[in-house]
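# Chain and residue survey
One letter stands for each residue in the lines below.
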Amino acid sequence: MSEMIIGILAAAAAFLAGKVLLLHCSFKEITVQLREKLREDTNTKITAAVRNPQIRRLAAELNVELEHMRALQIKYLEGDQNLKMAVTNISHDLRTPLTVISAYLEMMEKETDPAKQREYLEVIRERTEELRQMTEELFAYTFFTGEREMILPEKTEVSRVLEKALSDYYAVFRGCRIVPEISLPEHTVWRMGNEKALQRVFGNILSNAVKYSKGDLKIRMTEAGEVFFSNRAPDLDVTKAGRLLERYFTLNQGRDASGLGLSIARTLTEQMQGKLEAKYRNGELQIRLWLPDVPEE
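Residues numbered from 1 in each chain as written. Predicted model: local features only at pLDDT ≥ 70, side-chain atom pairs only at ≥ 80, totals over all residues. Heavy atoms only, no water.

### Regarding the overall build of the protein chain
Looking only at helices and strands, the protein chain features eight helices and seven strands. Burial status across the protein chain gives 36% buried among its 297 residues. In the protein chain, once contacts between residues fewer than 6 apart in sequence are set aside, the share between residues at least 24 apart is 69%. Here the protein chain has roughly 19000 Å² of accessible surface; of this, 54% comes from carbon and sulfur atoms. (Helix = DSSP H or I, 4+ residues; strand = E, 2+ residues; numbered from the N terminus. Buried < 20%, exposed > 50% of the residue type's maximum accessible area, 1.4 Å probe, protein only. Contact = heavy atoms within 4.5 Å. Areas by Shrake-Rupley, 256 points an atom, 1.4 Å probe, with all protein chains shown as cover.)

### Observations regarding the sheet that holds strand S6 (residues 275-281)
What holds strands together in a sheet is hydrogen bonding between their backbones, with the strands either parallel or antiparallel. Read across the open sheet, the five strands follow the order S2-S4-S5-S7-S6; overall the sheet is mixed. With one partner strand each, in any of the chains shown, strand S2 (181-183) and S6 form the two edges of the open sheet. When strand polarity is set aside, the average angle formed by the axes of neighbouring strands in this sheet is 10°. Summarising the sheet, S2 and strand S4 (residues 218-221) pair through three bridges and their orientation is parallel. Its bridge partner being in S4, Ser183 is matched across the sheet by Arg220. Those strands touched by helix H8 (residues 261-271) are S6 and strand S7 (284-290), and its axis lies near 135° from that of S6. (Pairing = 2+ DSSP bridges. Axes fitted to C-alpha atoms, helices over the stretch in contact; angles between N-to-C directions.)

### Quick look at unusual backbone geometry
The phi dihedral of Gln273 falls on the positive side, at around 65°, and the residue is not glycine. Its location among the elements puts Gln273 in the loop between H8 and S6. Of note, the phi angle at Asn282 is positive, near 50°, even though the residue is not glycine. Its place among the elements puts Asn282 in the loop between S6 and S7. When its relative accessible area of 80% is taken as the criterion, Asn282 is described as exposed.

### Focus: the pattern of salt bridges
Under the definition given, this model contains eleven salt bridges. Between Asp293 and Arg191 there is a salt bridge, with its nearest N and O atoms 3.2 Å apart. Of this pair, Asp293 sits in the segment after S7 while Arg191 sits in strand S3 (residues 190-193), and the two are 102 residues apart along the sequence. Linking Arg288 and Glu226 is a salt bridge whose minimum nitrogen-to-oxygen distance equals 2.7 Å. Of this pair, Arg288 sits in strand S7 while Glu226 sits in the loop between S4 and strand S5 (227-232); the two residues are 62 residues apart in sequence, bridging distant segments of the chain. Under the relative-accessibility criterion, Arg288 is labelled partly exposed at 22%. Salt bridges here are not isolated pairs; linked through shared partners, they connect Glu226, Lys275, Glu277 and Arg288. (Salt bridge = Lys/Arg side-chain N within 4 Å of Asp/Glu carboxyl O.)

So far we have only geometry, and geometry alone does not tell us how the molecule works.
Structure follows, in structure tokens:
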């Protein structure tokens, strides 16, 4: 009887040892496969030779994480390529206005005709504005590559910040022959925001309007604090307008644009707990900015 019990126990022990060995081999196999997937650029999945549900669940979860990691890697590579392209475009385009400004300054020094001097000065002014826009693009680059400060929303006089932004762009509008149609509330509009961040948001939106407007621009602020910007944009369509707020997207690759301006405006607006939208309707690009109400005390 004891011999039978010993035999049963030995068989059970052998069975368990076999199961443990099989599990050990399965874990080793999965480990080898995982190393291969991490080392090689492949979309193949980890497989489990055994029918053990825990082992199969482990393989399935590893496959999910691998797919997520591949998606992040692709997104990173695309972003890195776009960023390098943006910086290359900006660096290359900086040379042209600087060369023109230098040349016209030399011509002005030798010119005695006041009419010609005014003509040269106008060219210099235009090229200087190009440089200003490009420095804005360089700020955009540093914004997305450097550490960003945390924006703390506070009670902000949005109407005053908008008025100042429009005043700052007066010379730019005039130089581009844009006469904006502006409609502002009679009363001061307060919202939760951040003055410095809001200045950047309005500046980026107006800069984008100057680049792509066909000579018209409408700015309207409601009593509720919503701000609307609209201008004719025949080069746009519904799809392109929907992508304008995406990072690096630009209608004119390589022409004074890195595609970061409106993306930064949206990011800053969201950090102020607001919302920025871009839509295309009836041949117009329409941008809507909304900021949250000031809480009652």
